[in-house]
Amino acid sequence: MYYLNNETAAVPSPGNYTQREVHSSTLELKTVSINPDDTYTVQQAINAFGFGWFHVKLSLLVGLCWMSDSMEMAILSILGPALFCEWNVSKFQQASVTTIVFLGMMLSSSFWTQLSNRYGRKSVRIFKLKVYHSLFMIFFTQALTLFGVLLVLYSILSSVAPSYAWLLTLRGLVGFAIGCVPQSVTLYAEFLPTKHKCKCVVLMDCFWALGACFEVVLALVVYPYYGWRGLLGLSATPLLVFTLLSPWLSESARYYSYNGHHDKAVHILEQIAQNNKRHMLIGRLIAEEEPSSTESFRSLLSPNLYRTTLLLWFIWLASAFCYYGLVLVTTELLVARNKENNPNECVTFMTADFMDLLWITLSEFPGILLTIKVIKLFGKKKTIVLQYLVLVSCILVLMTLTSRFSTSVTLFIARGTISGIFQAIYVYTPEIYPAALRSIGVSGCSVLARLGAMLTPFVAQVLMDTSKAQALSTYALVGLMASVACAFLPRENLGYH
């Protein structure tokens, strides 16, 4: 492949016509000559452009989307206890509010994937439907913009829900909209140079942790004055900013190339080159081969991969089960302490509770950074096993603690550990599968993770209300089983990324 070369050779003297002619021919060869056999793919072009200003802007924009997802997840732990005082709902009903969100995410993931794969991550299409011989025009704007508009709308409507049934329905629709978030990560990944993909996974984890912390700070300021309704409405702020900025997003060049729109793909690549101050490639753009989804999914359960796939499915389920379980258990422990101190009042959260919750949530940052260091020393597989053992130890210690300080410290360590586990398995999973199966392999694991998140509220909220020991023992057992499952995983590819 050729680069556009703006460098000039030494200019010949005006009196030397022959040298000028040679120079002109050389410059023409350097700048406009195209070899029809010289081809490149979108990923090769992106690798050549490197990580630059285009990717910085994209990282911030996708990070806002990731923050919004994290905030919607974090608010679930605050919403349950608040509803008890508002409508006197049972623990089972509180758990259902959390579960319905993850159910909506699971049901909508295939819808958003099909929509994005067919019409683009960001493209604008017009559909015509003939209903009763009338022609209706349905405008589907950008998939990610549509997601932002829907989520802002459902969040605001949730804040004014008149009854529990309405709230449950609207939170299910919130989950349906959140199911589009992975499409932002897909768009992000398709613009990343290969050698920077692992680092950017860590960056998105930091945005997730930042969103969780921002939600707690927002709760600290808003909840005492405006309650859960004000908190639900204002929590849509980062998503509103994302929605307003999303028209800046470029459609995926890989999507254009795969669907035969090479001229549009080249235009996007030229924009990246210009933003990153790099030279555009000259040559013929060709599409990368994409594996069949059906064949890929069946390949995950092939004789040489089925054991690894089943182990990873359980580990992802256990990770989500324990992560969201700890988030819910933290608020349950705080509210239970307040009820003991005020048995005759319906008390949910106090200022000191939000301060404790903030410090515990901040543990995700050191958890992520420490995981990176430990991975460099022991590798991903051993790191995950070690972290699960630390998590199990923290959960068992929680069963014996009564003081506020010691409980907060133990939850801080446990929360940081499970955040590190999620990061490690997210980096580990793609490198276990062959290149053609990495995308579908991670997608399958994500489905199991959502299943784990759907189940955990009935342990963290329903069983916890009946028996603290039984609830925490369940998490300890699942964590221990996950550590054993990790021990049987194959060794990671040390050369990957």
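Residues numbered from 1 in each chain as written. Predicted model: local features only at pLDDT ≥ 70, side-chain atom pairs only at ≥ 80, totals over all residues. Heavy atoms only, no water.

1. Examining the overall build of the protein chain
Thinking step 1. For the protein chain, the helix and strand inventory stands at 20 helices and 6 strands.
Thinking step 2. For the protein chain, with 497 residues in total, the buried portion stands at 52%.
Thinking step 3. Relative to all contacts within the protein chain whose residues are 6 or more apart in sequence, the contacts with residues 24 or more apart total 80%.
Thinking step 4. Only carbon and sulfur atoms are counted for the fraction: they give 64% of the accessible area of the protein chain, which is about 23,200 Å². (Helix = DSSP H or I, 4+ residues; strand = E, 2+ residues; numbered from the N terminus. Buried < 20%, exposed > 50% of the residue type's maximum accessible area, 1.4 Å probe, protein only. Contact = heavy atoms within 4.5 Å. Areas by Shrake-Rupley, 256 points an atom, 1.4 Å probe, with all protein chains shown as cover.)

2. Structural notes on helix α7 (residues 181-190)
Thinking step 1. Among the 10 residues of α7, 7 are classified as buried, and the element is accordingly described as predominantly covered.
Thinking step 2. Along α7, the residues that are buried comprise V181, Q183, S184, V185, L187, Y188 and E190.

3. Comments concerning the packing of aromatic side chains
Aromatic ring pairs are defined here through the distance separating the ring centres and the angle between the ring planes.
Thinking step 1. By the definition in use, this model includes 13 aromatic pairs.
Thinking step 2. Three or more aromatic residues joined by ring pairs make a cluster, and in this case those are F102, W316, Y323, Y324, F422 and Y426.
Thinking step 3. Sitting over the face of the ring of F84, K339 holds its NZ or CZ atom 4.8 Å from the ring centroid. (Phe/Tyr/Trp six-rings, centres within 6.5 Å; stacked < 30°, edge-to-face > 60°. Lys NZ or Arg CZ within 6 Å of the ring centre and 35° of its normal.)

4. Points about helix α11 (residues 262-275)
Thinking step 1. Helix length check: α11, at 14 residues, gives a terminal C-alpha distance of 20 Å against a target of 20 Å (1.5 Å per residue), a fit within 8%.
Thinking step 2. Inspection of α11 places A265, I268, L269, I272 and A273 among the buried residues, and these make up the whole buried set. On an axial view of α11, the arc spanned by its buried residues comes to 145°, and they lie on one face. Facing away from the buried side of α11 by over 90 degrees, the exposed positions are D263 and Q274.
Thinking step 3. As for α11, its buried residues are in contact with β2 (39-40), α2 (42-49), α3 (53-87), α10 (253-258) and β6 (284-285).
Thinking step 4. Phi turns positive one or two residues past the end of α11, at K277, with a value near 55°. (Expected span 1.5 Å × (residues − 1). Arc of directions from axis to C-beta.)

5. Re the nonpolar core
Thinking step 1. Within the largest apolar cluster, 109 residues are counted, with the highest numbers of intra-cluster contacts made by M73, F147, L269, Y388 and L391.
Thinking step 2. With 17 residues, the single largest contributor to this core is helix α13 (residues 306-341).
Thinking step 3. Not counting chain neighbours up to four residues away, the residues in contact with L391 comprise C322, L326, A414, T417, I418 and I421.
Thinking step 4. Counting 26 residues, the second largest nonpolar core, distinct from the first, contains V97, A161, V216 and Y223. (Core = buried A, V, L, I, M, F, W, Y, C linked by side-chain atoms within 4.5 Å.)

6. So, the packing of α13 against helix α14 (residues 351-362)
Thinking step 1. At their nearest, the axes of α13 and α14 sit 11 Å apart, and the two run at 155° to each other. Between α13 and α14, the interaxial angle falls into the category roughly antiparallel. Judged by the twist between their axes, the crossing of α13 over α14 is right-handed. Only D353, D356, L357 and I360 of α14 make contact with α13, whose side of the interface consists of T330, T331, L334 and N338. (Axes fitted to C-alpha atoms, helices over the stretch in contact; angles between N-to-C directions. Parallel < 35°, antiparallel > 145°, perpendicular 65-115°, else oblique. Left-handed = near helix turned anticlockwise from the far one by under 90°.)

7. Notes on the environment of S108
Thinking step 1. For S108, the location among the structural elements is in helix α4 (residues 91-119).
Thinking step 2. The spatial distance from the C-alpha of S108 to the C-alpha of I178 is 8.4 Å, given a sequence separation of 70 residues.

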